[in-house]
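Coordinate inspection notes
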Amino acid sequence: MSENTDRVAIAADGDWTADVDAEEGVVVNWFVGEGSAVEEGDSLCEIQVEKVSVDMEAPTDGTLDEIAHDEGDEFTIGDTLAWIEPG
Amino acid sequence: MAQEERDRRVVERELTMSRAMVEAIAHEMREDEEVFYMGEDVADYGGIFDSTEGLLDEFGYDRVMDVPISETAYLGAAVGAAQAGMRPIAELMFVDFFGVAMDQIYNNMAKNTYMSGGSVNVPMVLTAAVGGTYNDAGQHSQTLYGTFAHLPGMKVVVPSTAYDAKGLMHNAIRDDDPVVYLFHKRLMGIGWMPAPGGPKTPVPKTDYTIPFGSADVKREGSDVTVVTLGLHVHRALEAAESLADDGVDAEVIDLRTLVPLDTETVVDSVRKTGNLVVVDEDYRSFGVTGEIVASVADEALENLDAVERVALPDVPIPYARSMENEVIPDVQDIEDAIQATR
């Protein structure tokens, strides 16, 4: 894991939270693995909160540096799911 | 980003089966404006097993249509639309509900090409969720592969992986004949019903087709041929891996489509191994297991040393977890059957 503080956190948050009552969700699927190159707008993973399924997208070009919640893991809305090393 | 790195990124992308299905449907809807999707809870809800997740956002209510609980009406509408030149995909939600629309499915969808002397075809896809293993009792847990495969005029598709699901869906939508596309709930990869590891695979972003009638050897082996489909491909693979430690080398064949049926791949395998195990989540009597055994007996009786069938006993699927687990074949049942051929 890099110690670079410029890493961008992917937080389980967004406009979609207005559609759900629950505060916990589950990571359904990672589309890419750690170390993969990603482009801004790429779908990184699919999460599900109640029945709402959401794609978390890369906010920037870079490398998916670290996954914090694996498939099947539960999270609380706002949790960091992963970090991207920009580049 | 270097091209090589981009290629790696595409190859690395893994999808759940529901995502792979939806990607194929969305592609075909973009290519052909006659393709549309209708069913219960398919628009706003995205399909109760995520079979249409995200389609409404891109295509709107005119092409992703929620319908009332009215299977006869909307499946009849789909048959009519198909005859008029459109390419409907109609979702039955649970396959168990087919009974209320049996006339539309069994008499019209399957037969109208024949009944009209070939003056119309019915290029529609009927999708439905199949399978148990999550305690939803006798009217929400059946597979019924055999029911549709038994009916002349219908093609029957049963994918077991994301890669197969996408390629078979492209083929199903482009086919000019009626196709029944049955997806197992346990393979879809939805949050509240986790899939086993196997169905999630790398899936190319571009479109591709998998021809109907091409069974896939999911694991090569020399001692016994295990023929199966759907969820039980993954249970058979697990059983095969487990037995490999005991020196039993099992070949696992995924049929992928029941109609047309690729008997050649199965027979070739049995000629090599001499032993046959057929595993099915449908009922045992008059079903897939009997059909496969009969097909092999027709063509390679002299090569057949031992035969085992693993399927549901002829009882409605129980609600209680312990009883459901008892009737649906598990990894141990498959291992036992393989051992019994030794």
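Above this text you will find the structure in question.
All names here are of chain A. The pairing of strand 3 (residues 37–38) with strand 6 (residues 62–67) spans two bridges and is antiparallel. Across the sheet, the residue bridging to V38 is G62, located in strand 6. The pairing of strand 6 with strand 8 (residues 80–86) spans five bridges and is antiparallel. Opposite T63, over in strand 8, you have E85 as the bridge partner.

Moving on to the side chain of B:T273. Residue and element names in this part refer to chain B. Relative to the elements of secondary structure, T273 occurs in helix 10 (residues 263–273). When its relative accessible area of 9% is taken as the criterion, T273 is described as buried. A polar contact of 2.8 Å, which involves the side chain of T273, links it to the side chain of T225. Beyond its immediate stretch of four places on either side in the chain, T273 contacts G221, S222, D223, V224 and T225.

Further remarks concern the sheet that holds strand 2 (residues 24–30) of chain A. All names here are of chain A. In space, the four strands of this open sheet follow the order 5-4-2-7, with antiparallel pairing throughout. Each edge of the sheet is formed by a strand with only one pairing partner; in this case those strands are strand 5 (52–57) and strand 7 (74–76). Strand after strand, the sheet turns through a mean of 40° between neighbouring axes, direction not considered. Examined bridge by bridge, strand 2 and strand 4 (residues 43–49) share four bridges and lie antiparallel to one another. Bridged to W30 within strand 4 is C45.

Backbone-to-backbone hydrogen bonds pair the strands of a sheet. The strands run either parallel or antiparallel. Residues and elements named next belong to chain A. Judged by pairing direction, the sheet is antiparallel, and its four strands sit side by side in the order 1-8-6-3 without closing on themselves. In the strand order of this sheet, the two ends are held by strand 1 (8–11) and strand 3, each with one partner. Relative to strand 8, strand 1 runs antiparallel, the two being bridged by four bridges. When the sheet's bridge partners are listed, A9 is paired in strand 8 with W83.

Turning our attention to the interface of chain A and chain B. Facing 17 residues of chain A, the contacting portion of chain B comprises 21 residues. Summing the contributions of chain A and of chain B, the shared interface buries around 1,500 Å²; its carbon and sulfur component is 40%. Area buried by chain A at its contact with chain B is led by A:F31, A:A37 and A:K51, which between them contribute 37% of it. If you look at where chain A meets chain B, you find three salt bridges.

What follows concerns the layout of surface pockets. Considered as a void within the structure, the largest pocket measures approximately 1,100 Å³ in volume. Contributing to the lining of the largest pocket are 37 residues, with A:D55, B:R19, B:E53, B:G54 and B:L55 lying nearest its centre. Elements with a minimum of two residues in the lining of the largest pocket: strand 5 of chain A together with helix 1 (3–12), helix 2 (17–31), helix 3 (55–59) and helix 8 (162–174) of chain B. Per element, the largest residue contribution to the lining of the largest pocket is six residues, and it comes from helix 2 of chain B. When grouped by side-chain class, the residues that make up the lining of the largest pocket number 14 nonpolar, eight polar and 15 charged. Those elements that place two or more of their residues in the lining of the second largest pocket are helix 7 (145–149) and helix 11 (288–300) of chain B. The element contributing the most residues to the lining of the second largest pocket is helix 11 of chain B, with four residues. Considering only residue class, the lining of the second largest pocket consists of six nonpolar, four polar and one charged.

Let's shift gears to helix 2 of chain B. Residue and element names in this part refer to chain B. Helix length check: helix 2, at 15 residues, gives a terminal C-alpha distance of 22 Å against a target of 21 Å (1.5 Å per residue), a fit within 8%. Most of helix 2 sits inside the fold, with twelve of its 15 residues counted as buried. Regarding helix 2, the residues found buried are M17, S18, R19, A20, M21, V22, A24, I25, A26, H27, E28 and M29.

So, on to the packing of helix 9 (residues 231–244) of chain B against helix 13 (residues 331–340) of chain B. All names here are of chain B. Viewed as axis vectors pointing N to C, helix 9 and helix 13 meet at an angle of 60°, and their least axial separation amounts to 8 Å. In terms of orientation, helix 9 and helix 13 fall into the oblique class. Seen along the crossing, helix 9 lies across helix 13 with a hand that is right-handed. From helix 9, H232, R235, A236, E238, A239, S242 and L243 reach across to helix 13, where they touch V331, I334, E335, I338 and Q339.

Turning our eyes to something else, we now look at the nonpolar core. Counting residues in hydrophobic clusters, the biggest one holds 54 residues, and the most contacted among them are B:I105, B:F148, B:L182, B:L276, B:I292 and B:V296. In terms of residue count, helix 4 (residues 71–83) of chain B provides more of this core than any other element does, six residues in total. Setting aside anything within four residues of it in sequence, one finds B:L276 in contact with B:V224, B:T225, B:V227, B:V270, B:I292, B:V293, B:V296, B:L304, B:A306, B:V307, B:E308 and B:T341. Judged by nonpolar contacts, the second largest core, of 45 residues, contains A:F31, B:A129, B:V179 and B:Y208.

Now for the side chain of B:S269. Tracing the chain through its elements places B:S269 in helix 10. Residues within four places of B:S269 in sequence aside, it is in contact with B:T225, B:E251 and B:I253.

Bringing the environment of A:T63 into the picture now. With respect to the helices, strands and loops of the structure, A:T63 is situated in strand 6. Those residues in contact with A:T63 that lie beyond four places of it in its chain are A:G35, A:S36, A:A37, A:W83, A:I84 and A:E85.

The subject of this paragraph is helix 11 of chain B. Residue and element names in this part refer to chain B. Counted at 1.5 Å a residue, the expected span for helix 11 with its 13 residues is 18 Å, and the 18 Å between its end C-alpha atoms agrees. Buried within helix 11 we find V288, T289, I292, V293, S295, V296 and A300. The buried residues of helix 11 occupy one face: seen down the axis, they fall within an arc of 160°. The secondary structure elements touched by the buried residues of helix 11 are helix 7, strand 10 (224–228), strand 12 (257–259), helix 10, strand 13 (275–283) and strand 14 (306–312).

Rules of the game
Residues numbered from 1 in each chain as written. Chains lettered and ligands numbered in written order. Predicted model: local features only at pLDDT ≥ 70, side-chain atom pairs only at ≥ 80, totals over all residues. Heavy atoms only, no water. Pairing = 2+ DSSP bridges. Helix = DSSP H or I, 4+ residues; strand = E, 2+ residues; numbered from the N terminus. Buried < 20%, exposed > 50% of the residue type's maximum accessible area, 1.4 Å probe, protein only. Polar contact = N/O pair within 3.5 Å; in protein donor to acceptor, adjacent residues only side chain to side chain. Contact = heavy atoms within 4.5 Å. Axes fitted to C-alpha atoms, helices over the stretch in contact; angles between N-to-C directions. Buried area = accessible area lost by both parts, 1.4 Å probe. Salt bridge = Lys/Arg side-chain N within 4 Å of Asp/Glu carboxyl O. 1 Å grid on protein atoms, 1.4 Å probe; cavity = no way out; pocket = protein on both sides within 12 Å on 5 of 7 lines; lining within 4 Å. Points joined across faces, edges and corners; volume = space filled by probe spheres on them. Nonpolar A, V, L, I, M, F, W, Y, C, P; charged D, E, K, R; others polar. Expected span 1.5 Å × (residues − 1). Parallel < 35°, antiparallel > 145°, perpendicular 65-115°, else oblique. Left-handed = near helix turned anticlockwise from the far one by under 90°. Core = buried A, V, L, I, M, F, W, Y, C linked by side-chain atoms within 4.5 Å. Arc of directions from axis to C-beta.

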